[in-house]
Structure formats: C-alpha cells, structure tokens
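Examining the three-dimensional arrangement
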Amino acid sequence: MINNKIEKYSIIVLLAMAVIYPVFSNSYMISVGVSILTIALLGQSWNLMSGYAGQFSFGHAAFFGVGAYTSSILYVDFGISPWIGMLIGMAMAAAVGVVIGFLSFRYRIKGDFFALVTLAFAEILRVLFNNTKALKGAGGILIPYKNDWSEFQFENDKIFYIILLLMVILATFVLAVISKRKLGICLIAIKESQSAARSLGVPVLKYKLIAMAISAAMAGMAGTFYAQYYGFIDPTVVFAASISVEAIVPCIIGGAGTLCGPLLGAVIIVPLQELSNSLFDGINGLNMIIYGLLIVVFIIFCPDGIYGTIVKRVKGEK
C-alpha cells in the first residue's frame, strides 16, 4: 500500500513538472525536455519487457529504427501522413518484436543469450538498412519540411514537446493498466520463475510475446517521433547500440519493474549528460567518462534504483 501511494504521488509530481516545464523554457531547454521525454518513452518500452517480464533486451534500437524508417519511407515515397505512418510503424515494430521473441522463446533462449540475440538482430537491421538502396541505404532519409500539423510538423518546438509528453503519459498508463491485470501478474510470475509459472498453467510463450509486441510498439512510436522532430534519419543513428543503452539506463538508474523508475531515471541522466558535456566538452572523451562514473556510483549505492531505494527507506528497510 505504501509502495503504491509513493509511486502514484511520484508520477503525479513528475508529470506536473513536465506540464509546467515548457511555460518557463527557452528553445534550448525545450530540446533538453524532448531528450528527457524520448528517453523516458524508450525506458518505459524497455521496462515492460525487461523490468516486468524479466526478458533483458539489448536491442531496442531495432524497434526504434523500424518505427522511424516505416513512417519516413511511407511519408517520403508514398505521401502517407506520419500520423498514420506512426501506427503502421508501431505495428511493424511489434511484428519484428514477435518474430525475434518467437525465434528466441520457442527454443528457450533466455538471460544473457536472449540479450545477445536482441543485440544481434538490431545490428542485422542496421547493416541491412545501411546497404539496401530500396531502404535509402547509408544516405538516410531527409524529411521534407512543410510546417503542417497534418504532416506531423510544427514550427513551435513546444508543440512537439507536448505531443511527446502525451506519448509518455500514454505509455505509462498502458503499463499501469497491464500491471493491475492478469497479464501483468503473469509477467511478474514469469520473471520470478518461468518453470513455476508454467507449472501453474501460465502460457509463458504467449504472454512473453504479448509483452514483446507492446514493448516494441512503444519503441517504434518513439522512433517515428524522432524522425519527425529531427527531420533526418540514417541507419547508424536510429539502429545504433546507443539507442538501446538509452532505453536501459533510465530503468537501471530509476528502478526497473516500476512505473515511476524510468521517468525518474530520465529526469536525472539527461541533465547529467548535458552538465558533463558542458563542463568537459574541450577534453575529448572525458565527458563520457564522467557520465559513466556517475552511473556506476548510482548503481553501487542504489542497486534497486533510486525509486526502489526511496521506497525501502520509507518502509524502514535496509
């Protein structure tokens, strides 16, 4: 009960801050806010599959990239609105997720091996898109700018921010609903022990594939937003391993398997990135070393994530 109240109030506070944020922000602060929300959305997508279901993925860049490329190709080559392209991109990302999941779960691949499989698929897609002319190859895709809301384009970046905030709220709401339903309970049981869950009649493969599809769709939605916001994509960016890392880190820092964790983690790590970049920009690589050390410190002193540590302190646990 205490845990639920803390999580509820924490989410309300974070979302209230996010709503107020653009009112007092300049263009640079809005860009930082967009980065925070993008990582929060990626974090929530990873959180469902890995935090709740316990299937550690290191390849969420695959779903992010599929979403970005699907909507962009449909828009540039066929004139289909990115709003519609986003839905198709989410479906395509979900389909890719189900394929990867089925090939892995059907043959009982799990743990570190499953993480390597997802990483391998992300790399396969990066190479495929980078070397296929029909998919625009290494040159990537430049999104034509029309400044039309029906084309998912806005002159004011604050509108992009608000749309992305609504996406994060939607993803968090979906996770909240799932966590209270049979699916969420079964996913947690699978995370604790697949064999025990299977012995109790839980269709393990089915529920893991559902979690994989929803998780991939969320990442695909983030990919579409990225393409429209920045106006250019290429395989080395949207299928990069760094995208997968950005999906994982907020969950580890904030607390995996919780609604609040990825949101809190994103709020912390993006400003840390910006701070380390501004302080150590002149020294090649030092900013990333500092950023990495800060993450290690968080992991050492908050092994359950910041949110998990807070809950334990409130409950009086060590």
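No experiment lies behind these values; they were computed from the predicted model shown.

**Observations regarding the packing of helix H7 (residues 182-192) against helix H9 (residues 204-230)**
Helix packing geometry: the angle between the two helix axes and the distance between the axes. Remark: H7 packs on H9, axes separated minimally by 10 Å, with the N-to-C direction vectors making an angle of 110 degrees. By the angle class used here, H7 and H9 are roughly perpendicular. Where H7 approaches H9, its residues Lys182, Leu183, Cys186, Leu187 and Ile190 are matched on the opposing element by Val204, Tyr207, Lys208, Ile210, Ala211 and Ile214. Looking at the contact of H7 with H9 residue by residue, the class counts come to nine nonpolar, no polar and two charged.

**Structural notes on the pattern of salt bridges**
Side chains that differ in sign of charge can pair as their charged atoms come close. Applying the stated rule across the entire model yields two salt bridges. With its nearest N and O atoms 2.9 Å apart, the salt bridge here joins aspartate 77 to lysine 136. Taken together, the positions of aspartate 77 in helix H3 (residues 61-78) and lysine 136 in the loop between helix H5 (112-130) and strand S1 (141-142) put the pair 59 residues apart, joining distant regions of the chain. Glutamate 123 is the partner of arginine 126 in a salt bridge, and the nearest nitrogen-oxygen pair spans 3.0 Å. Taken together, the positions of arginine 126 and glutamate 123, both in helix H5 and three residues apart, correspond to about one turn of that helix. Arginine 126 sits in the partly exposed class, given a relative accessible area of 23%.

**So, unusual backbone geometry**
A positive phi angle is found at arginine 108, which is not glycine, with a value near 60 degrees. With respect to the secondary-structure elements, arginine 108 resides in the loop between helix H4 (82-105) and H5. Not every positive phi belongs to a glycine, and asparagine 147 is a case in point at roughly 50 degrees. Asparagine 147 gets classed as partly exposed once you look at its relative accessible area, which sits at 36%.

Scoring rules and cut-offs
- Residues numbered from 1 in each chain as written.
- Predicted model: local features only at pLDDT ≥ 70, side-chain atom pairs only at ≥ 80, totals over all residues.
- Heavy atoms only, no water.
- Axes fitted to C-alpha atoms, helices over the stretch in contact; angles between N-to-C directions.
- Helix = DSSP H or I, 4+ residues; strand = E, 2+ residues; numbered from the N terminus.
- Parallel < 35°, antiparallel > 145°, perpendicular 65-115°, else oblique.
- Contact = heavy atoms within 4.5 Å.
- Nonpolar A, V, L, I, M, F, W, Y, C, P; charged D, E, K, R; others polar.
- Salt bridge = Lys/Arg side-chain N within 4 Å of Asp/Glu carboxyl O.
- Buried < 20%, exposed > 50% of the residue type's maximum accessible area, 1.4 Å probe, protein only.

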